[in-house]
2 protein chains.
Amino acid sequence: MEDVLFDFLSKYVSLTEEEKNAILSLDIFHSVKKGTILLKEGQKSKDSYFVLKGCIRTYYILEGEEKTTAFYTEMEAVTPHCVISKTPSEYYISCMEDTILTISDSDMEVEMNGKFPKFETLCRMFSEELLVKQQIDFDKFKTSSPEQRYLDLIQKRPDLIQRVPQRQLASFLGIAPQSLSRLRARILEKGKA
Amino acid sequence: MEDVLFDFLSKYVSLTEEEKNAILSLDIFHSVKKGTILLKEGQKSKDSYFVLKGCIRTYYILEGEEKTTAFYTEMEAVTPHCVISKTPSEYYISCMEDTILTISDSDMEVEMNGKFPKFETLCRMFSEELLVKQQIDFDKFKTSSPEQRYLDLIQKRPDLIQRVPQRQLASFLGIAPQSLSRLRARILEKGKA
DNA sequence: CACATTTCTTAACTTAAGTGAAGGGCCCGA
DNA sequence: TCGGGCCCTTCACTTAAGTTAAGAAATGTG
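Residues numbered from 1 in each chain as written. Chains lettered and ligands numbered in written order. Predicted model: local features only at pLDDT ≥ 70, side-chain atom pairs only at ≥ 80, totals over all residues. Heavy atoms only, no water.

Enquirer: Give me the pairing of strand β8 (residues 99–105) of chain B: which residues, what numbers.
Expert: Residues and elements named next belong to chain B. By the criterion of burial, β8 is predominantly enclosed, with five of the seven residues buried. Pairing of strand β1 (residues 29–32) with β8 involves four bridges; the strand directions are antiparallel. Bridging across to β8, V32 finds its partner in T99. Of the pairings in the sheet, the one linking strand β3 (residues 47–53) to β8 comprises six bridges and is antiparallel in character. (Buried < 20%, exposed > 50% of the residue type's maximum accessible area, 1.4 Å probe, protein only. Helix = DSSP H or I, 4+ residues; strand = E, 2+ residues; numbered from the N terminus. Pairing = 2+ DSSP bridges.)

Enquirer: Describe the domain arrangement of chain A, with residues and values.
Expert: Residues and elements named next belong to chain A. You can read the domains of chain A as domain 1 (2–127) and domain 2 (144–193). The interface is formed by 15 residues belonging to domain 1 together with ten residues belonging to domain 2. Counting the contacts that link domain 1 with domain 2 gives three salt bridges. R163 is the partner of E97 in a salt bridge, and the nearest nitrogen-oxygen pair spans 2.7 Å. (Domains from an automatic or database assignment. Contact = heavy atoms within 4.5 Å. Salt bridge = Lys/Arg side-chain N within 4 Å of Asp/Glu carboxyl O.)

Enquirer: With reference to specific residues and values, describe the pairing of strand β7 (residues 92–95) of chain A.
Expert: All names here are of chain A. Alternating residues of β7 divide into Y92 and S94 and I93 and C95, and every residue in both groups is buried. As judged from the two bridges shared by strand β2 (residues 37–39) and β7, these two strands associate in the antiparallel manner. Counterpart to I37 in the pairing with β7 is S94. Where strand β4 (residues 56–62) lies against β7, four bridges are found, and the strand directions are antiparallel. Bridge assignment links R57 to a residue of β7, and that residue is S94.

Enquirer: Quick one: what's the story with the packing of helix α1 (residues 2–9) of chain B against helix α2 (residues 17–24) of chain B, residue by residue and with numbers?
Expert: Residue and element names in this part refer to chain B. The geometry of α1 relative to α2 is characterised by a closest axis approach of 12 Å and an angle of 125° between their N-to-C directions. The angle between the axes of α1 and α2 places the two elements in the oblique class. Seen along the crossing, α1 lies across α2 with a hand that is right-handed. Of α2, the residues touching α1 (which contributes E2, L5, F6 and L9) are K20, I23 and L24. Here the residues of the contact of α1 with α2 are counted per class, giving five nonpolar, no polar and two charged. (Axes fitted to C-alpha atoms, helices over the stretch in contact; angles between N-to-C directions. Parallel < 35°, antiparallel > 145°, perpendicular 65-115°, else oblique. Left-handed = near helix turned anticlockwise from the far one by under 90°. Nonpolar A, V, L, I, M, F, W, Y, C, P; charged D, E, K, R; others polar.)

Enquirer: Tell me what's going on with the protein's contact with DNA strand D, and back it up with residues and numbers.
Expert: The environment of DNA strand D is made up of 15 residues, and the closest members are Q166 and S181 of chain A together with Q178, S179 and R182 of chain B. A breakdown of the atoms of DNA strand D within 4 Å of the protein gives sugar and phosphate a share of 59%. Counted by class, the surface near DNA strand D contains five nonpolar, five polar and five charged residues. (Near = heavy atom within 4 Å.)

Right, dumping it as structure tokens:
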């Protein structure tokens with residue numbers, strides 16, 4: 001599992017053995033069971049997550065309804081809002097499957113950034129990359145219909161459609177679960193004709 | 001204008017005179033006329049922008065239609081997708097008003113990051129902050145109706161509604177211009193009743 | 001100033017999403 | 001194994017957004 005992480009990190013910077021050992025000594029690898037809630041609304045947390053295997057999701061509870069806004073799967077990272085803003089979390093994070101991930105808190109990161117400038121470079125590059133990726137996703141979302149968003153999802157993240165309940169996909173696509181059902185039926189109908 | 005920038009940066013790190021001078025020596029301050037196009041589709045660019053005064057927007061041209069996806073006003077920054085991905089730009093950036101901004105290219109940033117670790121810390125903190133802010137915006141967008149998004153915009157960025165053409169606001173809100181007109185009429189009607 | 005262009009609004013119609021309700025399938029626990 | 005609950009689907013109905021079109025208002029240009 002360590003190798004999976006280091007392979008990933010090597011896309012950004014090349015780490016020495018010393019640096020790798022420093023990361024390993026933080027004891028950040030964790031295995032969590034399906035259903036585990038990593039973060040709750042109202043909670044203050046300093047933890048960031050990086051998924052090595054499995055899937056986690058972020059969701060709000062609005063008017064008693066779960067609204068899923070993001071899924072993170074293999075090689076994806078989340079730093080919750082509350083970690084940066086230092087305010088209580090507005091959303092939940094839970095495990096969709098048995099998941100292996102790293103958990104690193106912001107104190108660790110500050111310390112590592114101080115000790116190893118390369119680590120800060122890594123964090124900067126990574127968050128810059130996430131920022132532009134997310135911007136592209138947001139732009140795409142704004143300029144597409146729900147149907148187009150669903151078709152795009154089939155192309156870009158086909159695995160999600162298999163591993164995630166329909167109702168959660170629906171709110172991820174910004175629509176009601178019934179609308180997703182109908183939209184899927186509509187697409188099938190078109191395919192036949 | 002320099003002071004406006006340094007005041008802003010002081011929210012993240014405190015800079016020495018030497019560091020400030022290093023920034024000033026880069027000659028990054030520019031004044032651009034309304035209508036200037038800073039980046040075109042298909043162009044490769046290394047430039048990032050930080051708006052000191054004025055307003056710029058990013059937009060796509062899809063099926064011959066302009067689709068505005070973001071506005072950047074005072075104290076906001078953009079690093080276009082193409083700078084990070086090193087591919088031709090998929091969108092345009094233009095000036096909505098006479099604008100004063102900083103333009104810094106990625107070579108400059110690499111050099112500054114090498115010379116002043118504090119500068120890299122600044123960039124990391126800033127992009128981490130933007131990332132979570134944008135995540136919150138995206139979540140809000142997904143979980144709101146167009147009407148609610150417009151009402152939120154009145155609260156959060158009332159200036160935009162004044163300084164930006166309606167049709168551009170519409171695509172920023174993810175709807176057709178006619179729908180925004182209708183929606184506004186609907187809200188007014190409710191307000192009366 | 002006058003003309004051309006673009007933008008905003010309104011309206012009528014079409015299409016799709018929201019909503020409430022009901023039924024079937026599936027899993028889980030009693 | 002039976003029953004309860006949850007999820008997905010379907011349907012009918014409501015509401016709102018997309019679309020096409022037309023006219024009024026505003027903007028920019030020569």
